[in-house]
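# Structural characterization, general
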Amino acid sequence: MGDGATLERLRVDRQLEEAMVHGPDPLHLAEVFRLDEKTAMRYADSARRLLETSAESWNVVAASTDDQR
């Protein structure tokens, strides 16, 4: 089959996207996707790390743009 999209990958991507859009709230994720507590917390932690990484990257880009002025 290769590296194509699987139902499991699509499901995981959708749950992570929900966490990114609505914030890394494990309770929200558990309610929307009927996840158990540990799984909801894992997705929320992943989203939080991605959001922090994005914010850090944005700050680096903004700083380098400021340096060019």
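Residue positions within a chain follow its written sequence, with the count starting from 1. Whole-chain, interface and lining totals are the exception, using all residues; otherwise, since this is a predicted model, local features are given only for residues with pLDDT of at least 70 and side-chain atom pairs are given and counted only at 80 or more. As a rule here, side-chain values come from all non-hydrogen atoms in the structure, and water together with hydrogens is ignored.

### Considering the pattern of salt bridges
- We define a salt bridge as a contact between a side-chain nitrogen of Lys or Arg and a carboxyl oxygen of Asp or Glu at a distance within 4 Å. By the definition in use, this model includes 3 salt bridges.
- Across the pair E8 and R11 runs a salt bridge, and its minimum N-O distance is 2.4 Å. One end of the pair is E8 and the other is R11, both in helix α1 (residues 7-22) and 3 residues apart, which spans about a single turn.
- Only protein chains enter the area calculation, which uses a 1.4 Å probe; residues under 20% of their type maximum are buried, those over 50% are exposed, and those in between are partly exposed. Overall, the relative accessible area of 45% leaves E8 in the partly exposed class.
- Between R48 and D45 there is a salt bridge; the shortest N-O distance is 2.8 Å. Here R48 and its partner D45 are both found in helix α3 (residues 37-67), 3 residues apart, which amounts to about one turn of the helix. By definition, any uninterrupted DSSP run of H or I lasting at least four residues is a helix, any uninterrupted run of E lasting at least two residues is a strand, and each is numbered from the N terminus.

### Comments concerning the confidence of the model for the protein chain
- Each residue carries a pLDDT value, the predictor's own confidence for that position, ranging from 0 to 100. Residues with a pLDDT of 70 or more make up 74% of the protein chain, whose mean pLDDT is 80.
- Taken element by element, the predicted model of the protein chain shows its lowest mean pLDDT in α3 (76) and its highest in helix α2 (residues 26-33) (94).

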